[in-house]
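# Structure assessment
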Amino acid sequence: MKRITVILFAVLISTVSQAQEASSLINAVNKKFASVNDYKAKVLMKFALPGIKINTLAGRVYYKKPNKLRIIAPGIFFVPKENPMKDIPKLLANTKAYTSIITGYETVQGKKCAVVNVIPLDPNLELIIGKFWISVKEPLIYLSEITTKENGTIRTQNYYGKYKKQALPDKILIQLEMKKFKVPKMLAMDVKKKSKKKEVASKKTGEIYLLISDYKVNTKLSNSVFTKK
Amino acid sequence: MTFEYLLCISKWIMSNAIEVKNIKKKFGDFVAVKDLSFEVPAGEIFGFLGPNGSGKSTSLRMMLALISPTDGSIDFFGKPLKKNRSEIMGRIGCIIEKPDFYTYLSAHENLKLFARANGVDYSKEDYTELYELVGLSGREGDKVKTYSHGMKQRLGLAQALLHNPDLIILDEPNTGLDPKGIIELRELLLKLNKEEGKTILFSSHILSEVEALCDSLIVINNGETVAQGRVEDLLSDEDLLVDIEVGNLEKGKVAFENSKWKDLLREQKGNHFRLNLPMDEIPKVNTYLIENGVELVSSSYRKRLEDYFLRITQGK
Amino acid sequence: MKEFIAILKNELIKTIKRPRSFIGFGVVAFICLILQAAFANDGREILSLVTGQLENTLSIEGQVLNGNLICFVLLQTLIIQMPLLVALVTGDLVSGEVATGTMRFLLTRPASRTKVLVAKWLAGMFYTFLLLLFLGVLALFVSRGIFGADDLIHVNSEGLTVIQANDMNWRFAGAFVIAFLSLSVVATLAHFLSTVLDNSITPIVSTMAIVIIFTIIGMFDMPSFNVIQPFLFTTHMISWKDMFEDPVPKQEIINSCIILFAHIVVLLGSSIYIFNRKDINS
């Protein structure tokens, strides 16, 4: 009986300490995020979405706290409905709404990262779980997986370079689960290509790759930038 | 050199405008034209006659390269149609069957199309003159769909004359024309023939017109020639129509009633009695009438193509 | 040559002045305007048929409902009607004149039958071109005027392709050239049937019947049909859509154009051969 009590106590102590460690990591990340009120930057977007062909596009990205984000580029393009670039800072900033815990350590992009699970306290929230791979040496999220009820899991890999100090990545790879895209028959009249129909959208994970450069941070961006005309 | 030149000139003068040699046309098993040959000397008005279904239209169409003969040859101006179609068509003006035009265009627009197709460059004055000639002045701007059949015939004639052809082929050109129009057409054709030396091939069911116009003619039936030659030579004495005008009608009636020529009386209009008589009987009739107290005002005769035509095509 | 130009001018005048020629323009204008009005009203709902599937995970930035898309949809819709409109005029070019008797007047002129027929064919091509140009102006420029210009979301059986607005002009130009070639085959087929048959309605109905039958054969993925499908002109009539593929399948387009062009050559050659031997009995 004594043994069991000791083991339970040890587990409790360990859990508490891991939760504390997770919180401190998140706090450090939040501190970094807090230093950026807004930014604008050049962005180059590459898309690999199942059933969708779209060329690489160049544009500009605008961000303003707490969760305003807009990418302006000529033409039509796709962005994740729940964009991690704006949603992660907002999610992590509200520390009272979730509990966090380190579930292990993994190496991402050659960095030792703590795998921090973020679980919302309110079960009615859209978010089911958030997993963040945060470097143990510096408060940077190298990889994240946000799982929501509606949209499945969005996996984001951040690659840091010139703007590492402000936790602003040079490259972001967003991977999302997509439903198989079905072409309405009335809209596809290409009789010649019927033999290729079986290949349609077999791949279910979509990727959006963002190359971001020339960040201008805290320039007091106007709200009007985020209003669609 | 001079001899050759004279030979050439004489050949041209003596040449036939049309030479049809042994043409045949079969539509499947049906033989429309069996074996037809004739010549139309240059400068003549030539009648081309035949009852309905005789092969007349088929022959005319073969002559205008609308249908190809199964056998035989057709020459115009001494040149075979087959090898010289383009040149020959440039020298022929025609109306074949009913005159059909682009009804959504005006008569003037129609004529301009045909003028362009014939390479004719007409001035406004030329067109005005042509409209006056065919009797369409003032109506040339109207859409053809508003035209009567007679007006279409006049327009048909205008398009046939448009490019000043050497040979005019007219198939039933007086159908739909009023009496004034028929007379005008007759006068116009005679003028074109006599004054401008145009050769005319004339086909009509109004045989009095053919008789009045044509120098020679051909009659075809069942796809073959049944008669051919000069009009005067073809019509025999049997086809004389004698017109006797009397001064006292009642006496005249009684005299004819009691005569042996009673059954030959064709009609009586006013003081005129018309009979079919052989030539040698005319003086006998005249003498008889005078002897029976009838005042003889005039006695004349003419040969009737109508009778001749019926006789040779229907055996009457 | 002067003679040919003269009769070609005649044919063009007749084609332009015929009341029937305006039916095509009226139908194209009506369909374009009615679809443009429908898209202005219900465009977003129609588009959600395609984009709705994506909108759970992705949001679409940019003006999806734009002039380029409307033009594309109009082209796709009218590809069904255009052959009928083209056949309505070209199917009557020869047989109509034979039936009404005006062919007699045409063929008793110095121009050869070949010249008359080729002039008629060119007039048919000119009409087809004008009709397509009219569709192009209405579908592309009017739609762009109303809905603006942006990238085109092009849907085919392989999925969805976003074509950049900068590329639209040359792609549409290419598509119109291919569509013209396709409709030229229909026009030449109607012209051929018009040469063979003597009344004005049968060639039009026969042309449409052939288009429908070939289209149906082309739709079924059956081994016996698959053998002949590549040689049916209807299979290549939608090649204009290849201009909106990324990358543009040049070889496929060239092959389609060669097959379409071969149809034109064979049909026109046959028309000339038959017409030169045809008896004009009407």
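Let us look at the structure shown here. None of these values were measured; they are calculated from a predicted model.

### Overview of the overall build of chain A
- Helix and strand counts for chain A come out as two helices and twelve strands.
- Helices and strands in chain A line up, N terminus first, as α-β-β-β-β-β-α-β-β-β-β-β-β-β.
- The buried share among the 229 residues of chain A stands at 45%.
- In chain A, of all internal contacts separated by at least 6 residues, the share reaching a separation of at least 24 is 54%.
- Accessible area for chain A stands at about 12,300 Å²; split by element, carbon and sulfur atoms hold 57% of it.

### So, the overall build of chain C
- In terms of helices and strands, chain C carries eleven helices and three strands.
- In chain C, the succession of α and β elements from N to C terminus is α-α-β-α-α-α-α-β-β-α-α-α-α-α.
- Taking 282 residues into account, the globule formula puts the C-alpha radius of gyration at 19 Å, and chain C, at 21 Å, falls close to it.
- Overall, the C-alpha framework of chain C stretches about 70 × 45 × 30 Å when taken along its three principal axes.
- Among the 282 residues that make up chain C, the fraction classed as buried is 59%.
- Long-range pairs, those at least 24 residues apart, make up 80% of the contacts in chain C with a sequence separation of at least 6.

### Comments concerning helix H6 (residues 149-161) of chain B
All names here are of chain B.
- Between its terminal C-alpha atoms H6 stretches 18 Å, which fits the 18 Å expected from 13 residues at 1.5 Å a residue.
- The buried count for H6 comes to eleven of 13 residues, which makes it a mostly enclosed element.
- Of the positions making up H6, those classed as buried are Gly150, Met151, Gln153, Arg154, Leu155, Gly156, Leu157, Ala158, Gln159, Ala160 and Leu161.

### With respect to the interface of chain A and chain C
- Every contact between the two is made by 41 residues of chain A and, on the other side, 44 residues of chain C.
- The interface formed by chain A and chain C holds zero salt bridges in total.
- Between the two partners, chain A and chain C, sit eight residue pairs in polar contact (both at pLDDT 80 or more).
- Mapped onto the side of chain A that touches chain C, the elements with two or more residues apiece are strand S2 (52-54), strand S5 (77-80) and strand S11 (171-177) of chain A.

### Considerations on the packing of helix H2 (residues 21-51) of chain C against helix H6 (residues 113-147) of chain C
All names here are of chain C.
- At a minimum axis separation of 10 Å, H2 and H6 run at an interaxial angle of 20°. Between H2 and H6, the crossing angle belongs to the class labelled roughly parallel. Handedness of the crossing formed by H2 with H6: right-handed. Note on element contacts: H6 touches H2 through Tyr127, Leu130, Leu131, Phe134, Leu135, Leu138, Ala139, Val142, Ser143, Ile146 and Phe147, opposite Ser21, Gly24, Phe25, Val28, Ala29, Cys32, Gln36, Phe39 and Ala40.

### A word on the pairing of strand S6 (residues 92-95) of chain B
Residue and element names in this part refer to chain B.
- Burial along S6 is two-sided: the residues Ile92 and Cys94 and Gly93 and Ile95 are all buried.
- Looking at chain direction, S6 and strand S7 (residues 167-171) are connected through four bridges and run parallel. Counterpart to Cys94 in the pairing with S7 is Ile169.

### Some remarks on the interface of chain B and chain C
- Residue-level contacts link 30 residues of chain B with 29 residues of chain C.
- Buried area between chain B and chain C, summed over both chains or domains, comes out near 2,600 Å², and the portion from carbon and sulfur atoms is 52%.
- Of all residues in chain B, B:Leu66, B:Tyr104 and B:Arg116 bury the most surface against chain C, accounting for 24% of the area lost on that side.
- The tally of links from chain B across to chain C stands at three salt bridges.
- One salt bridge in this structure joins C:Asp279 and B:Lys25, with 2.7 Å as the shortest N-O distance.
- Here chain B and chain C share 22 residue pairs in polar contact (both at pLDDT 80 or more) between them.
- In terms of residue class, the side of chain B that touches chain C is built from 16 nonpolar, six polar and eight charged.

### Focus: the pairing of strand S2 (residues 30-41) of chain B
All names here are of chain B.
- The pairing of strand S1 (residues 16-27) with S2 spans eight bridges and is antiparallel. Looking across to S2, one finds that Lys26 is bridged to Val31.
- Linking S1 back to S2 in an antiparallel pair, the connection comprises two residues, with Gly28 at a positive phi of about 65°.

### With respect to a negative patch on the surface
All names here are of chain B.
- Together, Asp121, Glu125, Asp126, Glu129 and Glu132 line one region of the surface with negative charge.
- Tracing the sequence through the fold places Asp121 in the loop between helix H4 (107-117) and helix H5 (124-134).
- For Asp121, a relative accessible area of 74% gives the class exposed.

### Some remarks on the environment of B:Ile218
Residues and elements named next belong to chain B.
- With respect to the element layout, Ile218 can be found in strand S9 (residues 216-221).
- Linking Ile218 and Leu49, residues 169 residues apart in sequence, is a C-alpha distance of 6.0 Å.
- With residues near it in sequence (within four places) discarded, Ile218 still touches Leu36, Ser37, Phe38, Phe46, Gly47, Phe48, Leu49, Thr225, Ala227 and Gln228.

### Thoughts on unusual backbone geometry
- The step from A:Lys65 to A:Pro66 runs through a cis peptide bond, and the omega angle for that step is 0°.
- Cis rather than trans, the peptide bond between C:Asp246 and C:Pro247 has omega equal to 0°.
- With respect to the helices, strands and loops of the structure, C:Pro247 is situated in the loop between helix H10 (233-236) and helix H11 (250-277).
- Despite not being glycine, A:Asn218 has its phi angle at roughly 50°, a positive value.
- Unlike most non-glycine residues, B:Phe77 shows phi in positive territory, near 50°.
- Of note, B:Phe77 is situated in the loop between strand S4 (71-76) and strand S5 (79-80).

### Details of helix H1 (residues 2-17) of chain C
- The terminal C-alpha atoms of H1(C), which comprises 16 residues, lie 22 Å apart, in line with the 22 Å expected from a rise of 1.5 Å per residue.
- Turning to H1(C), its buried residues are C:Phe4, C:Ala6, C:Ile7, C:Leu8, C:Asn10, C:Glu11, C:Lys14 and C:Thr15.
- Summarising the contacts, the buried residues of H1(C) are in contact with H4 of chain B together with H2, helix H3 (67-90), helix H4 (95-100), helix H5 (102-107) and H6 of chain C.

### Thoughts on the side chain of C:Ser95
All names here are of chain C.
- Within the secondary structure, Ser95 is located in helix H4.
- Classification of Ser95 as buried rests on a relative accessible area of 0%.
- In this structure the side chain of Ser95 is engaged in a polar contact, spanning 3.2 Å, whose partner is the backbone oxygen of Asn199.
- Here Ser95 is in contact with Ser194, Leu197, Asp198, Asn199, Ser200 and Pro203, once residues within four sequence places are set aside.

### Details of the arrangement of the chains
- Take the two pairs of chains in contact: the one carrying the most contacts is chains A and C.
- As for chain B relative to chain A, no contact occurs, and the smallest C-alpha gap between them is 40 Å.

### Concerning the packing of aromatic side chains
- The full count for this structure, using the stated rule, is 24 aromatic pairs over all chains.
- With a centroid separation of 5.2 Å and 20° between ring planes, the pair formed by B:Phe101 and C:Phe105 is classed as stacked. Placement of the pair is B:Phe101 in the loop between S6 and H4 and C:Phe105 in helix H5, with the two residues belonging to separate chains. Assigned by exposure class, B:Phe101 and C:Phe105 land together as buried.
- Here the aromatic rings of B:Tyr127 and B:Tyr131 are separated by 6.3 Å at their centres, their planes lie at 20°, and the arrangement is stacked. Taken together, the residues B:Tyr127 and B:Tyr131, both in helix H5 and four residues apart, mark about one turn of the helix. When sorted by exposure, B:Tyr127 lands in the same class as B:Tyr131, which is buried.

### Quick look at the pattern of salt bridges
Residue and element names in this part refer to chain B.
- The full count for this structure, using the stated rule, is 35 salt bridges over all chains.
- Here Arg230 makes a salt bridge to Glu44, at a shortest N to O gap of 2.8 Å. Of this pair, Arg230 sits in strand S10 (residues 224-230) while Glu44 sits in the loop between S2 and strand S3 (45-49), and the two are 186 residues apart along the sequence.
- Between Glu184 and Lys180 there is a salt bridge, and its shortest N-O distance comes to 3.1 Å. Here Glu184 and its partner Lys180 are both found in helix H7 (residues 179-196), four residues apart, which amounts to about one turn of the helix.
- Since its relative accessible area comes to 57%, Lys180 is described here as exposed.
- Here the salt bridges do not stand alone but share partners, grouping Arg154, Asp178, Lys180 and Glu184 into one network.

Thresholds applied
- Residues numbered from 1 in each chain as written.
- Chains lettered and ligands numbered in written order.
- Predicted model: local features only at pLDDT ≥ 70, side-chain atom pairs only at ≥ 80, totals over all residues.
- Heavy atoms only, no water.
- Helix = DSSP H or I, 4+ residues; strand = E, 2+ residues; numbered from the N terminus.
- Buried < 20%, exposed > 50% of the residue type's maximum accessible area, 1.4 Å probe, protein only.
- Contact = heavy atoms within 4.5 Å.
- Areas by Shrake-Rupley, 256 points an atom, 1.4 Å probe, with all protein chains shown as cover.
- Rg over C-alpha atoms; globule rule 2.2 N^0.38 Å.
- Expected span 1.5 Å × (residues − 1).
- Salt bridge = Lys/Arg side-chain N within 4 Å of Asp/Glu carboxyl O.
- Polar contact = N/O pair within 3.5 Å; in protein donor to acceptor, adjacent residues only side chain to side chain.
- Axes fitted to C-alpha atoms, helices over the stretch in contact; angles between N-to-C directions.
- Parallel < 35°, antiparallel > 145°, perpendicular 65-115°, else oblique.
- Left-handed = near helix turned anticlockwise from the far one by under 90°.
- Pairing = 2+ DSSP bridges.
- Buried area = accessible area lost by both parts, 1.4 Å probe.
- Nonpolar A, V, L, I, M, F, W, Y, C, P; charged D, E, K, R; others polar.
- Patch = residues over 30% accessible without salt bridge, like charges linked within 9 Å, V, L, I, M, F, W, Y side chains within 5 Å.
- Lys, Arg positive; Asp, Glu negative; His and termini not counted.
- Charge placed at Lys NZ, Arg CZ, Asp CG, Glu CD.
- Phe/Tyr/Trp six-rings, centres within 6.5 Å; stacked < 30°, edge-to-face > 60°.

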